[in-house]
Amino acid sequence: MVLFLLFSEATMSAHAFEVLSRARNEIEVCHTAEGHRFKFFVITNAHGKRILSESAGVVAKEGATHTAEFFSGSARAFAITVAHRSHAID
């Protein structure tokens, strides 16, 4: 179990993000180690709920070890968490 926790912590730190900007209609996050930036927009779905758009504006950092696509799922999950906490989405 200890090995699993250590592996899990290492995996989480490899996918660490920070918030660059947060507004009512958008949130931008950056992968701390690789430097890729992802901007998600808040939209209203057919049911009237505020959600993050499926697509993101991506600025990939040249020379990074991994591509921006490698981190896109983690970036979206982080952005959703931040958006929920700040009440930007429902």
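These numbers come from a predicted model, not from an experiment.

A few points about the overall build of the protein
The helix and strand inventory of the protein stands at 2 helices and 5 strands. Each helix and strand of the protein, placed in order from N terminus to C terminus, yields the pattern α-β-β-β-β-β-α. Counting across all 90 residues of the protein, residues that qualify as buried make up 27%. Of the contacts made within the protein by residues no fewer than 6 positions apart, 43% connect residues no fewer than 24 positions apart. On the protein, roughly 6,100 Å² of surface is accessible, and the fraction owed to carbon and sulfur atoms is 58%.

Concerning unusual backbone geometry
Located in the positive-phi region is His87, a residue other than glycine, with phi close to 60°. Along the chain, the position of His87 falls in the segment after helix H2 (68–85).

Here we look at the pattern of salt bridges
Applying the stated criterion across every chain, the model contains 4 salt bridges. Across the pair Glu26 and Lys39 runs a salt bridge whose closest N-O atoms are separated by 3.6 Å. With a gap of 13 residues between them, Glu26 in strand S2 (residues 26–31) and Lys39 in strand S3 (residues 37–44) connect regions that are remote in the sequence. For Lys39, a relative accessible area of 26% puts it in the partly exposed group. Residue Asp90 pairs with Arg50 through a salt bridge whose shortest N-O separation is 2.8 Å. Taken together, the residues Asp90 in the segment after H2 and Arg50 in strand S4 (residues 50–52) connect sequence positions 40 residues apart. Residue class for Asp90 comes out partly exposed when judged on its relative accessible area of 42%.

Quick word on the side chain of Glu34
Structurally, Glu34 can be placed in the loop between S2 and S3. Of the side chains bearing the opposite charge, Lys61 lies closest to the buried Glu34, which forms no salt bridge; the N-O distance is 8.7 Å. Here the side chain of Glu34 touches His66 through a polar contact of 3.3 Å, side chain to side chain.

Some details on the pairing of strand S1 (residues 17–22)
Each regular strand carries side chains that alternate between the two faces of the sheet. Pairing between S1 and S2: 5 bridges, direction antiparallel. Each residue of the ladder has a partner; that of Val19, found in S2, is Val29. Connecting S1 to the next strand, S2, in antiparallel fashion are 3 residues.

Remarks on the side chain of Ser53
Within the element layout of this structure, Ser53 appears in the loop between S4 and strand S5 (57–59). Filtering out sequence-adjacent residues up to four positions away, Ser53 remains in contact with Phe40, Phe41, Ile43 and Arg76.

Overview of the nonpolar core
Counting 15 residues, the largest nonpolar core has Ile27, Val29, Phe38, Phe40 and Leu52 as the members making the most contacts within it. Elements represented by at least two residues in this core include exactly S2, S3 and H2. Ignoring sequence-local partners within four residues, the contact set of Phe40 consists of Asn25, Glu26, Ile27, Val29, Leu52, Ser53, Ser55, Ala56, Ala75, Arg76 and Ala79.

What counts and what doesn't
Residues numbered from 1 in each chain as written. Predicted model: local features only at pLDDT ≥ 70, side-chain atom pairs only at ≥ 80, totals over all residues. Heavy atoms only, no water. Helix = DSSP H or I, 4+ residues; strand = E, 2+ residues; numbered from the N terminus. Buried < 20%, exposed > 50% of the residue type's maximum accessible area, 1.4 Å probe, protein only. Contact = heavy atoms within 4.5 Å. Areas by Shrake-Rupley, 256 points an atom, 1.4 Å probe, with all protein chains shown as cover. Salt bridge = Lys/Arg side-chain N within 4 Å of Asp/Glu carboxyl O. Lys, Arg positive; Asp, Glu negative; His and termini not counted. Polar contact = N/O pair within 3.5 Å; in protein donor to acceptor, adjacent residues only side chain to side chain. Pairing = 2+ DSSP bridges. Core = buried A, V, L, I, M, F, W, Y, C linked by side-chain atoms within 4.5 Å.

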